[in-house]
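In case you want the letters, here they are:
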Amino acid sequence: MRAKSIWLSPLSSAVLLLVALCLACWSPVMWAQQTASSSSSGLSQSDIARMLPATDMGANDARNRDPHLRPVSDNPATPFDAAAVPKSPLAPNADAVGAKTCIACHALENVQASHSLHVASFRAGAAHTGPQAACESCHGPGSDHAKNPTAPGSIIAFTHDAKTSAQTQTAVCLGCHAGGARQHWLGSVHENRGLSCTDCHNPMARQSPEGVLAKPSINEVCASCHQDIRAKFNRRSHMPLPEGQMACTDCHNPHGTITKPLLKTDTVNETCYTCHAEKRGPFLFEHAPVRQNCLNCHDVHGSNQQTLLVAPIPMLCQQCHTMTRHPNDLQTTNGLGTGLAPDERIMGRGCLTCHTNIHGSNNPSGPKFHK
Ligand code: HEC
Ligand code: HEC
Ligand code: HEC
Ligand code: HEC
Ligand code: HEC
Ligand code: HEC
Ligand code: HEC
Ligand code: HEC
Ligand code: HEC
Ligand code: HEC
């Protein structure tokens, strides 16, 4: 009996060990670590460097192709192989401890983040600091935190509840992403109102197919704060944003611009011309309010009038045009839409029945936009 159990116990413990090993292999943590390290195994640093995505963040920016728009000057993002560990103002004496230490306590976060472009690439390509900077290239040096994890501010955290200031948080991201679309982040309305990059981005989880956003789509990101604007797009007349064919960022750059309110172009009209190019003209006969600002007549985010108009016709036109000098006394005080006996020719779409080319005319006999 005794001899048998002595003989069996090493065997059974070996079996147990094997089972344990297999289980470990299948556990997502190991899997994530293995995929991460296998990508760097047979390859040299320069192989990896070639495989990493381009860091020229705005090379495909449409503004650089449109001769009418101000080109954006692009600084490429800092490449992954130059990732540095950012300074943590609340833990000035902390040192980097390496991703292995972080993962020992944060296995779940590691699984969530290992697929990400950032973490995978920091692991593979961080020649400057070594692959161990995978976590600390964003979270800062972690020795203080590893010793005393509950001490607030011991590590750079990216939430508003955390001790880390929004300024420190954005400085980490801007350490690699300054310039390009973020040229005007400093001083932008979002920066002034204390937003952090992570109000809109979450590089730790895969929420969106692109742009590492905090919500599945751009419009949902913006709607998390601008619910009123998003709701206007549900009105009767709207551009196809709820249908998923447009995004707030077609017109706005949330990272900051030199134009209010965060418009991507110098003027409102330039923004509209990027898609409604035919409205740019040139016209032989221009309608002054069109040239001045499309918003004189249109509410871009949505309207309950036809074609995004700010007021129904004829009231829209009558805000600026009186009944004087109109041929055949068509417009008299009584005949106006607001008059005692409204004339049907000038009600409803009345004005447009005759003045069809309201945005401008190229017809030699179209000074009144009839043709
Ligand atoms: C000894 C275990 C341990 C180690 C090692 C560790 N952490 Fe933590 N970490 C924790 C615990 C526990 C919390 C939760 C603290 C709390 O809720 O107050 C935490 C919280 C955090 C937070 C959120 C902080 C906040 O204020 O919201 C971040 C970010 C973080 N850890 C990142 C890291 C990184 C990066 C590393 C590696 C440099 C690391 N941790 C190493 C245990 C650890
Ligand atoms: C690209 C920068 C970046 C890298 C690299 C990165 N993180 Fe994060 N981490 C963030 C951001 C941003 C958040 C805040 C996410 C959010 O909005 O909830 C975060 C949140 C966390 C939290 C807190 C989670 C919570 O729910 O509060 C922990 C813990 C954490 N990261 C650990 C890690 C570990 C471990 C690694 C390495 C495997 C890592 N991070 C790599 C940017 C990064
Ligand atoms: C060490 C440098 C570094 C740091 C720090 C860093 N990033 Fe990045 N990030 C990169 C590189 C390199 C790319 C890939 C560029 C490319 O795809 O052209 C990238 C890509 C991105 C993208 C685009 C992803 C896509 O799918 O288009 C976003 C968004 C982003 N980072 C946000 C952040 C945020 C937010 C932070 C701070 C929490 C951050 N990054 C911190 C280097 C960094
Ligand atoms: C108010 C929301 C918001 C904030 C705040 C924000 N972003 Fe973005 N960011 C976006 C959206 C939306 C996109 C996708 C844009 C697109 O696809 O046209 C984006 C795209 C990006 C990209 C990839 C495309 C590009 O422009 O090169 C990077 C990198 C990026 N952001 C970094 C940052 C950094 C760094 C910060 C903080 C300084 C930040 N973002 C703050 C909403 C935001
Ligand atoms: C975390 C909340 C938050 C998110 C998310 C957010 N914003 Fe904002 N946004 C603000 C605040 C706060 C203001 C300032 C409002 C004010 O001062 O009246 C603002 C202002 C603006 C303005 C007006 C700028 C001006 O000069 O008046 C625009 C345009 C804007 N945001 C667009 C966007 C877009 C596009 C997105 C999505 C990519 C977005 N915002 C996401 C909080 C947010
Ligand atoms: C077709 C272009 C376009 C789209 C798409 C668009 N906007 Fe705007 N937005 C504008 C213009 C133009 C203005 C200037 C309005 C003004 O000056 O009265 C503006 C103004 C704003 C303002 C500040 C003024 C206000 O009305 O409160 C906010 C905030 C804003 N937009 C957010 C958003 C959000 C969020 C989305 C997506 C749900 C979005 N916009 C989609 C063109 C657009
Ligand atoms: C990113 C492209 C884009 C930009 C920028 C843009 N639009 Fe549009 N707009 C569209 C699309 C797409 C439609 C829908 C066309 C259709 O249904 O045939 C549309 C439709 C319209 C309509 C007709 C709506 C209706 O109910 O029939 C008006 C009016 C309009 N846009 C005005 C503007 C104004 C004003 C601006 C500038 C502030 C602007 N658009 C900027 C893409 C754009
Ligand atoms: C004087 C008022 C006024 C101004 C200013 C104005 N529009 Fe219009 N727009 C209208 C009216 C009225 C209609 C409806 C026409 C119809 O239903 O036949 C319309 C219709 C449209 C349409 C949809 C039908 C079409 O013709 O394609 C678009 C797109 C449009 N406008 C874009 C613009 C753009 C872009 C600007 C600025 C360059 C602008 N509008 C300025 C009055 C105006
Ligand atoms: C925001 C003010 C404004 C609105 C709204 C407006 N207009 Fe005008 N319109 C003008 C101005 C200013 C002129 C140029 C008058 C001039 O050159 O003497 C003009 C010129 C005209 C002319 C040519 C007049 C001429 O003497 O050559 C016609 C026709 C006209 N508008 C029709 C309309 C119609 C129809 C509408 C409604 C769909 C409309 N307008 C809406 C301001 C406006
Ligand atoms: C039945 C067709 C018709 C309708 C409907 C109509 N107009 Fe006219 N309108 C004309 C004609 C024709 C002229 C040009 C007369 C000329 O060339 O001397 C004109 C001229 C004008 C002028 C320029 C007058 C000037 O100062 O020389 C304005 C402004 C104008 N219309 C605005 C309007 C508005 C606003 C409405 C709607 C309330 C409207 N029209 C409805 C046919 C019409």
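Please read all numbers here as calculations on a predicted model, not as lab measurements.

1. Examining the confidence of the model for the protein
Detail in the predicted coordinates should be disregarded across regions flagged by low pLDDT. Overall, the prediction assigns the protein a mean pLDDT of 78, with 71% of residues at 70 or greater. This stretch, residues 1–41, has a pLDDT under 50; its non-local contacts, to residues over four places away or in other chains, come to 17 contacts. Low pLDDT, under 50, characterises residues 52–60; the predicted model gives this stretch 19 contacts beyond four residues in sequence or across chains.

2. Considerations on the site of ligand 6
Taken together, 19 residues are adjacent to ligand 6, and Cys222, His226, Cys248, Cys251 and Pro261 come closest. Partitioning the shell around ligand 6 into residue classes produces 12 nonpolar, five polar and two charged.

3. Here we look at helix H5 (residues 107–114)
Taken together, the buried positions of H5 are Asn110, Ala113 and Ser114. Axial view of H5: buried residues confined to an arc of 100 degrees, hence all on one face.

4. Details of the environment of Val172
Here Val172 is to be found in helix H9 (residues 166–177). Sequence separation between Val172 and Ile156 is 16 residues, and the spatial gap between their C-alpha atoms is 9.0 Å. Among all residues touching Val172, those that are not within four sequence positions of it are Pro86, Cys138 and Ile156.

5. Points about H9
With 12 residues, H9 ought to run about 16 Å at 1.5 Å a step, and its terminal C-alpha atoms sit 16 Å apart, in line with that. All buried positions along H9 are accounted for by Thr168, Gln169, Thr170, Val172, Cys173, Cys176 and His177. Where H9 is buried, its residues touch helix H7 (136–139). Gly179 sits one or two positions beyond H9 and adopts a positive phi of about 80 degrees.

6. Digging into the environment of Cys294
Its location among the elements puts Cys294 in the loop between helix H14 (288–292) and helix H15 (315–318). Taking C-alpha positions, Cys294 is 7.2 Å from Val268, a pair spaced 26 residues apart along the chain. With near-sequence residues (within four places) excluded, Cys294 lies in contact with Val268, Asn269 and Cys272.

7. Describing unusual backbone geometry
Look at the link from Gly281 to Pro282: it is a cis peptide, with omega at 5 degrees. Note on placement: Pro282 falls in the loop between helix H13 (268–273) and H14. With an omega of 10 degrees, the peptide bond between Ile313 and Pro314 qualifies as cis. Its location among the elements puts Pro314 in the loop between H14 and H15. A positive phi angle, near 35 degrees, is found at Val212, a position not held by glycine. Its location among the elements puts Val212 in the loop between helix H10 (189–192) and helix H11 (218–223).

Parameters at a glance
Residues numbered from 1 in each chain as written. Chains lettered and ligands numbered in written order. Predicted model: local features only at pLDDT ≥ 70, side-chain atom pairs only at ≥ 80, totals over all residues. pLDDT = per-residue confidence, 0-100. Contact = placed C-beta atoms within 7 Å. Near = placed C-beta within 6 Å. Nonpolar A, V, L, I, M, F, W, Y, C, P; charged D, E, K, R; others polar. Buried ≥ 20, exposed ≤ 12 C-beta atoms within 10 Å, placed from the backbone. Helix = DSSP H or I, 4+ residues; strand = E, 2+ residues; numbered from the N terminus. Arc of directions from axis to C-beta. Expected span 1.5 Å × (residues − 1).

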